[in-house]
Every structure is written in structure tokens, then in C-alpha cells.
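# Geometric and topological summary
What follows is the residue order along each chain.
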Amino acid sequence: MTDELDLLRAADPVSATEGPWRDRPLGARAERGLNQLLYTSRRRARRRVVLWAEAAAVALAAVLVLTLPDLAATSATAAPRALHPRAGSAAVPLAEVAERARAAARDGEPGLRRGSHVRTWSLPAESGPRAEPSARPPGVGARPPHTPAGLRAYLTDAYDRGAGRRSGPLTTVQLLDVLPRLLDTWTLGARESAALARVLADTEGLRPAGAITDRLGRSGQAYVYGPSAAPGGSGGDALRRMLILDPGTGAVLGLEVMFTEAQPRIEARAGDVMTYSAWRRD
């Protein structure tokens, strides 16, 4: 290494003691220019470092958004607000909906179709980081009938799942709880919807609550079963079940279950949604 440095020094064509390029102190102008050059270079270097750091942070945020898209969605949809009928809106009795549905089903269109489009959400059965949503009931495989009596028997059998003959008809809670098994498997036609509307009209305790906009932006009529349509009700199983129907065809648009009393075990408050489903034909 020393030999190489000696060779470089020997090859230096500029004399340190003679000629216009000899080594000597800088003048005031030259020193000022050198300081400006050095200061400007450092400032630009610092600016480049800051800009690079900001760009790296933006890139990292973009990567997180692309690879973890559910984080924002989870925080936005983890606790949906309960739906409420529009204040002062007219409530259509279930019997009237059943009659409208029967008239609309005269030509049999649209027809029954296997399969369903459903949007559903449920509160975890247990609290904590490992909590899982409540289990979804299994669907039904047999083709549903299109008469009220036949559909009522069909739903009873689906609820009991071959447990044997029961002494009486399904309760209102049992009927509402078994509906998702049917609607998750089949998209009802006009005749099946009319039959279901008649079954619901003959069920005790479903109260017309007025017009409502469902979670898919559709207008419908709400029918409530439970201790109270408002949070803080008492009695029963502390749940409010709300069924949403198309008032012209009787088609079920949605079903929502809401707590009317606080449930400390799962950190649920009165007014929190326990589960909801929204069905659509297309």
C-alpha cells in the first residue's frame, strides 16, 4: 500500500512550491464559496434523507393496506348499528302484505330457484381474541312447497330435523329462527313468498313497526317480535327479532336480532346487534 502511495505522489504533475497551482491558503472569496458549497450539499443531503424516509413510510403503509385489507373493514363493520323503522311512517299489517303477495303470485313469476345471495353478520358467541362468530344453522335440501299449510309443515320439520312429531306448531321465535335455513338454501319464488307471508300473518306476536330501509338500501316493512322495539325492554329472552318484508310481494328482505338488555358475559350492550341477514334475488 505504501509503495502505491509513493508512486501516486511521484506522478503528481502539480508542484507544491512553484507555479500558479502551488498549494497555498484560500482567499476570502474562495473560502466563502467553499463554505456555501459544503452547507448547500449537506442541506440537500439531509432533505434527500427526509424525503426518502417519508417515501419509505408511505410505501410501507401501502403494503400494509394491500396485504391486510380486512383491518379497516373489520373496524368499520365489527359493530353494526341496529336498524330502526322510519319515525312516523305508515305500518302495513301482515295480513295485507299476505293478500298483496297472493295477488302478485298469480302468474307464478319469478320462480323458485336453488341457491341464495345473502349478506350476514353475527356477534361472536364468546368474547376475547379467539372468539368465533355464532354458528350458522345448516340449510334445507328438499324443495319447499308453495302452499301455506305445506310450507308450515316443511318449516316445522326443518326446525325439528327428524326429532319426531311435536305436540303443537312452531312458536314465533322458532319460526323466525328456522327461516335462515330456508332462505340460505333457496331463493323463493312468488308463490313460495306468498305462502310464507300467509304463515307469518297467522303467527302471533309479530307487530308491524313501519317502513324501513334495509342494509342493502331497499325499502321494506318491519315486523318486530320481542320484549320491546326500543333498547332497555324487559322480559322474554332479552332479544328483539325484526323481520323485513317487501310489502308488495311478501319476499323476505332481512332478519335482525338485537339485544334489549346488556349481556356482560360477551360485552354486549342493550341495543347491540346479535345477528343479521339480508337476502336478495340477484
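Procedures and definitions
Residues numbered from 1 in each chain as written. Predicted model: local features only at pLDDT ≥ 70, side-chain atom pairs only at ≥ 80, totals over all residues. Heavy atoms only, no water. Helix = DSSP H or I, 4+ residues; strand = E, 2+ residues; numbered from the N terminus. Buried < 20%, exposed > 50% of the residue type's maximum accessible area, 1.4 Å probe, protein only. Contact = heavy atoms within 4.5 Å. Areas by Shrake-Rupley, 256 points an atom, 1.4 Å probe, with all protein chains shown as cover. Pairing = 2+ DSSP bridges. Salt bridge = Lys/Arg side-chain N within 4 Å of Asp/Glu carboxyl O. Core = buried A, V, L, I, M, F, W, Y, C linked by side-chain atoms within 4.5 Å. Expected span 1.5 Å × (residues − 1). Polar contact = N/O pair within 3.5 Å; in protein donor to acceptor, adjacent residues only side chain to side chain. Arc of directions from axis to C-beta. Phe/Tyr/Trp six-rings, centres within 6.5 Å; stacked < 30°, edge-to-face > 60°. Lys NZ or Arg CZ within 6 Å of the ring centre and 35° of its normal. Axes fitted to C-alpha atoms, helices over the stretch in contact; angles between N-to-C directions.

With that settled, the discussion passes to the overall build of the protein. A tally of helices and strands in the protein yields seven helices and eight strands. Taken over 282 residues, the protein has a buried fraction of 32%. Across the protein, the fraction of contacts at a sequence separation of at least 24, relative to all contacts at a separation of at least 6, is 63%. Entry remark: accessible area of the protein is about 17600 Å², with carbon and sulfur atoms responsible for 57%.

Among the eight residues in strand 7 (residues 252–259), eight count as buried, and that is most of the element. Across seven bridges, strand 6 (residues 239–245) lies against strand 7 in antiparallel orientation. Bridging across to strand 7, Leu 243 finds its partner in Leu 255. Counting the residues in the hairpin turn of strand 6 and strand 7 gives six residues, including Gly 250, whose phi is positive at 80°.

Here the idea is simple: oppositely charged side chains can pair when their charged atoms come close. This structure, assessed with the given rule, holds 10 salt bridges. A salt bridge links Asp 202 to Arg 152; the nearest nitrogen and oxygen atoms lie 3.7 Å apart. Highlighted residues: Asp 202 in the loop between helix 7 (190–201) and strand 4 (207–213) and Arg 152 in helix 5 (residues 148–160), separated in sequence by 50 residues. Take Asp 202: its relative accessible area is 48%, and that puts it in the partly exposed class. Three or more residues are tied together by salt bridges with common partners; here these are Glu 99, Arg 102, Arg 152, Arg 198 and Asp 202.

For soluble globular proteins, the rule of thumb is that nonpolar side chains tend to be buried together. Grouped together as the largest cluster of nonpolar side chains are 29 residues, with contacts concentrated most on Leu 155, Leu 182, Leu 196, Leu 200, Leu 243 and Leu 245. Residue assignment for this core shows that the elements contributing at least two residues are helix 4 (94–104), helix 5, helix 6 (172–183), helix 7, strand 6 and strand 7. For this core, the element with the highest residue contribution is helix 6, accounting for six residues. Apart from residues lying up to four places away in sequence, Leu 196 is in contact with Leu 151, Leu 155, Leu 179, Leu 188 and Val 252.

Okay, helix 7 next. In this model, helix 7 (12 residues) spans 16 Å end to end at C-alpha, consistent with the 16 Å of a helix rising 1.5 Å per residue. Of all the 12 residues making up helix 7, nine are buried; the element is thus mostly covered by neighbouring parts of the structure. Ala 190, Glu 192, Ser 193, Ala 194, Ala 195, Leu 196, Ala 197, Val 199 and Leu 200 are the residues of helix 7 that are buried. In this structure, the buried side of helix 7 is in contact with helix 4, helix 5, helix 6, strand 6 and strand 7.

On the secondary structure map, Thr 172 appears in helix 6. Here Thr 172 falls in the buried class, since its relative accessible area comes to 8%. At a separation of 2.5 Å, a polar atom in the side chain of Thr 172 contacts the main-chain carbonyl oxygen of Glu 204. Other than its neighbours up to four places away in sequence, Thr 172 contacts Thr 203, Glu 204, Leu 206 and Tyr 225.

Once that is clear, we can look at helix 4. Within helix 4 the residues assigned to the buried category are Leu 94, Val 97, Ala 98 and Ala 101. Projected down its long axis, helix 4 shows its buried positions confined to an angular sector of 100°, all on one face. Next to the buried residues of helix 4 lie helix 7, strand 5 (219–225) and strand 6.

According to the stated counting rule, one finds one aromatic pair in the structure shown. Both rings, one in Trp 121 and one in Tyr 276, keep their centres 6.5 Å apart while their planes meet at 15°; by these two values the pair is stacked. Placement of the pair is Trp 121 in strand 2 (residues 117–122) and Tyr 276 in strand 8 (residues 273–280), with a sequence separation of 155 residues. Looking at Tyr 276, the relative accessible area reads 6%, which means it is buried. Taking NZ or CZ as reference, Arg 215 lies 4.2 Å from the ring centre of Tyr 276, over its face.

It is worth spelling out the sheet that holds strand 5 at this point. Reading across from one edge, 2-8-7-6-5-4 is the order of the six strands in this open sheet, with antiparallel pairing throughout. At either end of the open sheet lies a strand with only one pairing partner, and these are strand 2 and strand 4. With strand direction ignored, the average angle separating the axes of adjacent strands in the sheet is 15°. Note that strand 2 and strand 8 share six bridges and pair antiparallel. Along strand 8, the bridge assignment pairs Thr 120 with Ser 277. Lying over the sheet, helix 6 contacts strand 5, strand 6, strand 7 and strand 8, oriented at roughly 50° with respect to strand 6.

Function-wise, these values are silent; they only describe arrangement.
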